[in-house]
Amino acid sequence: MDLTQRDLRRKQLLVTCILGAVLFGAGWLFLPVLSEKILLGAVILLLTGTLFFSNDTGRYICKRVLLAILTVLIIAAITFFSMNAIPGGPFSKEKAPSAAVQAVLEERFHLNEPVGKQFLLYLEGLMQGNFGISTKTGREISTTIFDSFAISAKLGGYAALLAVVLGLVFGSIAALNRGKAADRIIIFFTTLFVAVPSFIMATLLLLVFCLQLNWFPIFSTSNQSYVLPVIALMLSPMSYITRLTKTSMLDVLGQDYIRTARAKGVKQVLVIFKHALKNALIPVITYVGPMTAYILTGSMVVESVFTTGGLGTKFVQGISNRDYPMIMGTTIFLATLMVTMTLISDLIYKIVDPRISFD
Amino acid sequence: MSTESNSQKNVPLLQVKNLHTSFYTDAGEVKAVNGISYNLDAGKVLGIVGESGSGKSVSAYSLMQILTDTGRVTEGEVLFKGENILKYNSKQMQSFRGSRISMIFQDPMTCLNPVFSVGSQLREAIRIHTDRNREETQARALEMLQLVGVNEPEKRLKQYPHELSGGMRQRVMIAMALACEPDILIADEPTTALDVTIQAQILELMQSLQKKLGMAIIMITHDLGVIADMCDEIIVMYAGKVCERGTADEIFYNPRHEYTKGLIRSIPRITEQHEKLVPIAGSPVDLLNLPKGCAFASRCDHAMKICLTQQPEEVQVNDSHIAACWNNVRQMMEEENRGGASK
Amino acid sequence: MSSYDPSQAPKKRPFSLQIDVAQFEMATDEEKAQHETMRESTTFFRDGMRKLFKNPLAVGSMIVLVLLLITILVAPLIVPYTYSGMVTVNGKRDKSAKNMPPFTYSQMEQQAIDEGQYIFPHIFGTDELCRDYFIRVVYGARVSLAVGFFASLIVLVIGLLYGSISGYVGGRTDLIMMRIVDVIYSLPDTLMVILLSVVLDQVLGQSLQGTILASIGTNMLSMFTVFGLLYWVGMARLVRGQILTIKNNEYVLAARAMGAKPGRIIRKHILPNCMSVIIISTALQIPSAIFTESFLSFIGLGVQAPMPSLGSLANAARQALQAYPYKMVFPAVGICLIVLSFNLLGDGLRDAFDPKLRK
């Protein structure tokens, strides 16, 4: 191969991003046309990739994607069978609110079939974007999920972006001013914010800035202000990233290669932003997966508190209504999203750090 | 540093005068370097020998000003061509490091940045101090790798540090240090972390490069044997102080300080089969609480009462040989008396 | 040795020095031994404790936790109200004592006071069901702390057993056991906790009726079950990793080479070396369990009413946030204080005892 190592890495990064995006897109945007045959084909393709790909990175990516698919399957199984175990659960005939719903339910979930068959049929439905219908509202769950996810995605996207950017900036500032006022202030607030659960942060923000100070209007369809919900969601992961960046920055700054760079005569700015930051970023990348999980679960309560609506709200409503098909569908959807994000962050991590062997 | 060279050249290339360095830790002030002085002429090799914690590396970091946050030079001067570089501001110091004095370190495994390729780190060193364009920089990087004897240099430039062996990495470090043709190369235990065979190769390489490029080298090591035939002058350090200085021959065959004698006794020799190795008993002195007299006294087999109370002064044995040991003083007094009696 | 410069060095000859010849006698060993004042040698534990007590944040959080503990243990003995019953005056239920602000008395109570009776003040006021809010917050803190401790204990026991078996046996057993851990680890935990809480709440609720366990509340039990099922994997990984590294350390090898028996190796070498890391991790597990509990309570999956937990109190306070903001503030501050204290204490313990951070 006549590629330089650097170009190769760039290419790998690109491939990973494209692959992640394609997977994600294929998984959810084109669900209605996805069938078990396509999935089976993809799995076989990935399997052959794992076994026969000549380059390590390709093999690693195939392996990880396969594992992610397996994880989603396991989650679907846990969700389905545990719901099935509930006496008077979603699949019992007596629970249905009306005869019509009951008929649809029976047809939908093939209640007369054995449980194993039911699961396979449910999976088949899932792959076509068919999550069943809500026992509460009688609406298609998939439409509810996709409609409300738009709001959650917007909220979560802003929160994640702000958390990463601000976390990196504050973390670097704290590390470089260790022991000084800036460091102390940043660490004080981040320590505080890490200890405040997002629902309390949300309620307190609402209480102080909406109800007492009137700086922000209470959320309504005519007055959509996402500022406070985003802040409530963002503060905790941002604080975590700040602390992570600071620790890893300090660790990196104590390494021998930083001394080498200084002995070479590299400018202090470049020592920090080139030699140190790239190494310090590595642990932050691994946090992207957990952060997604945190923001998605956090949005459940933050959305409810600010009444912005969204997938989290629907999920919480589903729980309080004991709307089991809704809970199942949302759980599987959110879990798939989290697994995908973890997969992507793992792949980026392996590519940024050349020391990791692709095994 | 013989007197001839001093008289020929008025100003030595590097003069270190009474350098003191301390680290301020939670436990108190750790006095790592307690007043060392030496001169280095262009093209000469100076060896600094001592055990871990003797302040040999810290003295080198002090003159490069790459001490960690807690460390500070508390006293002394470092004159490079007559200019005190300790007075330089950070910008001056940046352009000074790597171009006039370069440094290579002990552990090549951790001294190269793992997330950048060898080529980019090498090119960076060249780019900082010269204004070559892209192609010239690349060419210079290749040339340097060839100079230090790296095989397949084109391929190595694209590789990452973890893909190279230890010896190879140390060669890359040397190439990086020499890329801007410095006047002085400080080698901080360059061979300690390497296999014995590789050690010999690296030392040989450094020797040949020194002859080829004509730079001065400060060789820091804990292993007297390793540097004996390389150095024009050797300084033996203990507890941040110079105990003895002299030519390699003088240090080896006529050691005057009890610590140096101990060091030499503890070098294994294949030729003398039946001689037992004699280690130096005890452990290095606690730099937090330096004792009143000679720092080595508690480990010294020939410690005298005066050693415990009074710091030994540097006494000149001959023009190039100096030792700071009361036993040396006694020995010289006895020689003097005997000489006087025989006359 | 003042300033030395070879070019100007005075050529000192020994006879020129003023020296007392008596000083040139050999020193005795005792004299040599007294010469150096060596640093006081300390044990690992004592050194760690010294560091811990020098850390003001750790000491502060310990004080806060002890005060909290005393409060929640002693307060129910002093305060004459119960968490579930209405405020009573002379045995009569006081229906006027509804939603009172802190340190106020209802009409009935005021009457009683006027008659010269002593009425214990409502330190935090009362709630909408005329219950003393202070005692509810105290019980809430009790529940939250208990959940934190027991959940961490469960995690510790399961993780320690699983991890040490996996690590010490090694080989194929280790491989299989760790694959299981990997699968559980890849599941999005909060989602699974919610799902299992929903399911177990229903399943246990039916089967437990009439037993002693029912009084603890199915939600609480399901929470512990969930912790036992999911959260131990992190601890198991940690323990296994510790044991593996220590097992391969030179000093264990040396002990084995000298003929030490496995029991002695585990007792003398492995346990003391991984204990600190395990304790620190457990200390940090407590706030995370409290976090999860309060989150579950907030979305309505927490402890059974009328038993309060800090999370459910905060959730209940949302209903009348504008009118009675203090009802939100008390439990919110409680959660933050507990989580913050444990976080800081855990950090302090890590700084003081983690061998990796020691120099």
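The shown structure was predicted, so the numbers you read here are calculated from the model rather than taken from an experiment.

Chemist: How should the overall build of chain A be read in this particular structure?
Modeler: On a plain count of helices and strands, chain A comes out with 14 helices and zero strands. Expressed as a percentage of its 359 residues, the buried residues of chain A come to 51%. Residue pairs in contact within chain A that sit at least 24 positions apart in sequence constitute 69% of those at least 6 positions apart. For chain A, the exposed surface amounts to about 16000 Å²; the carbon and sulfur share of it is 67%.

Chemist: Explanation requested: the overall build of chain C in the structure shown.
Modeler: Looking only at helices and strands, chain C features 13 helices and two strands. Counting across all 359 residues of chain C, residues that qualify as buried make up 48%. Counting contacts in chain C only where the partners sit at least 6 residues apart, residues at least 24 apart contribute 70% of the total. As displayed, chain C has an accessible area near 18200 Å², and 63% of this comes from carbon and sulfur atoms.

Chemist: How do you make sense of the interface of chain A and chain C when you look at a structure like this?
Modeler: Contact residues are listed per partner, giving 40 residues for chain A and 36 residues for chain C. Together, the buried faces of chain A and chain C total about 3400 Å²; carbon and sulfur atoms form 82% of this surface. The interface formed by chain A and chain C holds one salt bridge in total. One salt bridge in this structure joins Arg243 of chain A and Asp347 of chain C, with 3.1 Å as the shortest N-O distance. Summed over the shared surface of chain A and chain C, the number is one residue pair in polar contact (both at pLDDT 80 or more). Elements with a contribution of two residues or more to the side of chain A that touches chain C: helix 3 (56–85), helix 7 (181–194), helix 8 (198–212), helix 12 (288–306), helix 13 (311–321) and helix 14 (324–352) of chain A. Counting residues per element, the side of chain A that touches chain C draws most heavily on helix 3 of chain A, at eight residues.

Chemist: Just to check I follow, could you spell out the sheet that holds strand 9 (residues 233–238) of chain B for this structure?
Modeler: As a general point, the strands of a sheet are linked pairwise by backbone hydrogen bonds and lie either parallel or antiparallel. All names here are of chain B. Taken in spatial order, the eight strands line up as 6-7-8-3-9-10-12-11 in an open sheet, and their pairing is mixed. Each edge of the open sheet carries a strand with a single partner, namely strand 6 (101–104) and strand 11 (315–316). Sheet topology note: the strand 11/strand 12 (residues 322–323) ladder contains two bridges and is antiparallel. The residue of strand 12 that forms the bridge with Gln316 is Ile322.

Chemist: What exactly am I supposed to notice about the nonpolar core here?
Modeler: Here is a general trend for soluble globular proteins: nonpolar side chains tend to be buried in one another's company. Membership of the largest hydrophobic core comes to 163 residues, with the highest contact counts inside it found for Phe306 of chain A together with Ile194 and Leu230 of chain C. Tallying contributions element by element places helix 9 (residues 218–247) of chain C first for this core, with 15 residues. If you look at the next biggest cluster of nonpolar residues, it comprises 114 residues, including Leu14, Met64, Ala228 and Met230 of chain B.

Chemist: Which parts of the structure should I look at to understand a nonpolar patch on the surface?
Modeler: Residue and element names in this part refer to chain C. The grouping of Ile63, Val66, Leu67, Leu69, Ile70, Leu73, Val74, Leu77 and Ile78 at the surface amounts to a nonpolar patch, some 860 Å² of accessible area in total. On the secondary structure map, Ile70 appears in helix 3 (residues 56–78). Residue Ile70 is classed as partly exposed on the basis of its relative accessible area, which comes to 46%.

Chemist: Which parts of the structure should I look at to understand helix 2 (residues 56–64) of chain B?
Modeler: Residue pairs three or four apart in sequence face the same way in an α-helix, which turns once every 3.6 residues. Among the nine residues in helix 2 of chain B, nine count as buried, and that is most of the element. For helix 2 of chain B, the set of buried residues is Lys56, Ser57, Val58, Ser59, Ala60, Tyr61, Ser62, Leu63 and Met64 of chain B.

Chemist: Hey, could you run me through the environment of Ile119 of chain C in this one?
Modeler: Residues and elements named next belong to chain C. By secondary structure assignment, the location of Ile119 is in the loop between helix 4 (107–114) and helix 5 (133–169). For the pair Ile119 and Val89, spaced 30 residues apart in sequence, the C-alpha to C-alpha distance is 8.4 Å. Filtering out sequence-adjacent residues up to four positions away, Ile119 remains in contact with Tyr81, Tyr105, Glu109, Ala112 and Ile113.

Chemist: So what exactly am I meant to see when it comes to the packing of aromatic side chains here?
Modeler: How two aromatic rings sit relative to each other is set out by the distance from centre to centre and by the angle between their planes. A full pass over the atoms with the stated rule returns 18 aromatic pairs over all chains. Measuring from ring centre to ring centre gives 4.1 Å for Phe199 of chain A and Phe298 of chain C, while their planes differ by 25 degrees; the resulting arrangement is stacked. Taken together, the positions of Phe199 of chain A in helix 8 and Phe298 of chain C in helix 11 (residues 262–298) put the pair across two chains. Of the aromatic side chains, those joined through ring pairs into one cluster are Phe146, Phe149 and Phe333 of chain A.

Chemist: Just to check I follow, could you spell out the state of the cysteines for this structure?
Modeler: Residues and elements named next belong to chain B. Within the structure shown, the criterion is met by zero disulfides over all chains. Cys243 takes part in no disulfide bond, and the closest cysteine sulfur, belonging to Cys294, lies 7.5 Å away. Look at Cys243 and you get buried, because its relative accessible area is 5%.

Chemist: Got a minute to help me understand the pattern of salt bridges in this structure?
Modeler: When the charged atoms of two side chains lie near each other, side chains of opposite charge can form a pair. With the rule as written, the count across this model stands at 17 salt bridges over all chains. Its salt-bridge partner being Arg237 of chain C, residue Asp182 of chain C comes within 2.6 Å of it at the nearest N-O pair. Note that Asp182 of chain C is positioned in helix 6 (residues 171–186) and Arg237 of chain C in helix 9, a separation of 55 residues in sequence. Exposure remark for Arg237 of chain C: the relative accessible area of 32% places this residue in the partly exposed category. Each of the salt bridges in this network shares a partner with another, and the network as a whole consists of Arg243 of chain A together with Asp347 and Arg350 of chain C.

Chemist: What exactly am I supposed to notice about the side chain of Thr313 of chain A here?
Modeler: Relative to the elements of secondary structure, Thr313 of chain A occurs in helix 13. Classification of Thr313 of chain A by relative accessible area gives buried; the value is 13%.

Chemist: What is the right way to look at the domain arrangement of chain C in this model?
Modeler: Frequently, the measure chosen for interface size is the accessible area removed from exposure when the parts meet. Residues and elements named next belong to chain C. We note that the domain assignment places domain 1 (92–130) and domain 2 (135–357) within chain C. For domain 1 versus domain 2, the distance between C-alpha centres works out to 40 Å. The interface of domain 1 with domain 2 comprises eight residues on the first partner and six residues on the second. Together domain 1 and domain 2 conceal approximately 580 Å² of surface at their shared face, both sides included; 63% is due to carbon and sulfur atoms. Summed over the three residues of domain 1 that lose the most area to domain 2, namely Asn99, Phe124 and Asp127, the buried surface amounts to 71% of that side. Linking domain 1 to domain 2 there are zero salt bridges. Counting across the domain 1 and domain 2 interface gives zero residue pairs in polar contact (both at pLDDT 80 or more). Across the side of domain 1 that touches domain 2, the residue classes break down as four nonpolar, two polar and two charged.

Chemist: Would you take a moment to explain the environment of Asp26 of chain B for this structure?
Modeler: Residues and elements named next belong to chain B. One can find Asp26 in the loop between strand 1 (14–25) and strand 2 (28–40). You can call Asp26 exposed: its relative accessible area is 81%. Distance from Asp26 to Ile101, taken between C-alpha atoms, is 32 Å for residues 75 residues apart in sequence.

Chemist: For this particular structure, what's the right way to read empty space enclosed by the protein?
Modeler: In this approach a probe as big as a water molecule rolls over the atoms, and the regions it shows empty are the leftover space. For the structure on display, the rule yields seven cavities of 30 Å³ or more. If you add up the space inside the largest cavity, you get close to 170 Å³. Along the walls of the largest cavity sit 13 residues, with Lys241, Val242, Cys294, Pro312 and Ala324 of chain B positioned nearest its centre. Here the residues of the lining of the largest cavity sort into nine nonpolar, three polar and one charged. In this structure, the second largest cavity spans a volume of roughly 90 Å³. Taken together, 13 residues make up the lining of the second largest cavity; nearest its centre are Lys264 of chain A together with Gly98, Ser102, Met176 and Ala177 of chain B. For the lining of the second largest cavity, the per-class residue count stands at eight nonpolar, four polar and one charged.

Chemist: So what exactly am I meant to see when it comes to the sheet that holds strand 2 of chain B here?
Modeler: Residue and element names in this part refer to chain B. Spatially, four strands are ordered 2-1-4-5 in an open sheet, and the strand pairing comes out antiparallel. Edge positions in the sheet fall to strand 2 and strand 5 (83–84), since each has one partner strand and no second. Relative to strand 5, strand 4 (residues 71–80) is paired through two bridges, and the arrangement is antiparallel. Opposite Leu79, over in strand 5, you have Asn84 as the bridge partner. Contacts from helix 2 reach strand 1, strand 2 and strand 4 within the one sheet, and its direction differs from that of strand 1 by about 105 degrees.

Chemist: So what exactly am I meant to see when it comes to the packing of helix 6 (residues 141–176) of chain A against helix 13 of chain A here?
Modeler: Geometry of a packed helix pair, given as the angle between the helix axes and the separation of the axes. Residue and element names in this part refer to chain A. Viewed as axis vectors pointing N to C, helix 6 and helix 13 meet at an angle of 130 degrees, and their least axial separation amounts to 7 Å. Of the possible angle classes, the one that applies to helix 6 and helix 13 is oblique. For the pair formed by helix 6 and helix 13, the contact residues are Thr144, Ile145, Ser148, Phe149 and Ser152 on the first element and Leu311, Gly312 and Lys314 on the second. Across the contact of helix 6 with helix 13, the residue classes break down as three nonpolar, four polar and one charged.

Chemist: Is there a simple way to explain the packing of helix 6 of chain A against helix 7 of chain A in this structure?
Modeler: All names here are of chain A. Relative to each other, helix 6 and helix 7 sit at 135 degrees, their axes nearing to 7 Å. Classed by the angle they form, the pair helix 6 and helix 7 counts as oblique. Crossing of helix 6 over helix 7 shows left-handed handedness. Taken together, the residues of helix 7 that come into contact with helix 6 (itself represented by Phe170, Ile173 and Ala174) are Ala182, Asp183, Ile186 and Ile187. Per-class residue counts for the contact of helix 6 with helix 7 are six nonpolar, no polar and one charged.

Cut-offs and rules
- Residues numbered from 1 in each chain as written.
- Chains lettered and ligands numbered in written order.
- Predicted model: local features only at pLDDT ≥ 70, side-chain atom pairs only at ≥ 80, totals over all residues.
- Heavy atoms only, no water.
- Helix = DSSP H or I, 4+ residues; strand = E, 2+ residues; numbered from the N terminus.
- Buried < 20%, exposed > 50% of the residue type's maximum accessible area, 1.4 Å probe, protein only.
- Contact = heavy atoms within 4.5 Å.
- Areas by Shrake-Rupley, 256 points an atom, 1.4 Å probe, with all protein chains shown as cover.
- Buried area = accessible area lost by both parts, 1.4 Å probe.
- Salt bridge = Lys/Arg side-chain N within 4 Å of Asp/Glu carboxyl O.
- Polar contact = N/O pair within 3.5 Å; in protein donor to acceptor, adjacent residues only side chain to side chain.
- Pairing = 2+ DSSP bridges.
- Core = buried A, V, L, I, M, F, W, Y, C linked by side-chain atoms within 4.5 Å.
- Patch = residues over 30% accessible without salt bridge, like charges linked within 9 Å, V, L, I, M, F, W, Y side chains within 5 Å.
- Phe/Tyr/Trp six-rings, centres within 6.5 Å; stacked < 30°, edge-to-face > 60°.
- Disulfide = S-S within 2.5 Å.
- Domains from an automatic or database assignment.
- Nonpolar A, V, L, I, M, F, W, Y, C, P; charged D, E, K, R; others polar.
- 1 Å grid on protein atoms, 1.4 Å probe; cavity = no way out; pocket = protein on both sides within 12 Å on 5 of 7 lines; lining within 4 Å.
- Points joined across faces, edges and corners; volume = space filled by probe spheres on them.
- Axes fitted to C-alpha atoms, helices over the stretch in contact; angles between N-to-C directions.
- Parallel < 35°, antiparallel > 145°, perpendicular 65-115°, else oblique.
- Left-handed = near helix turned anticlockwise from the far one by under 90°.

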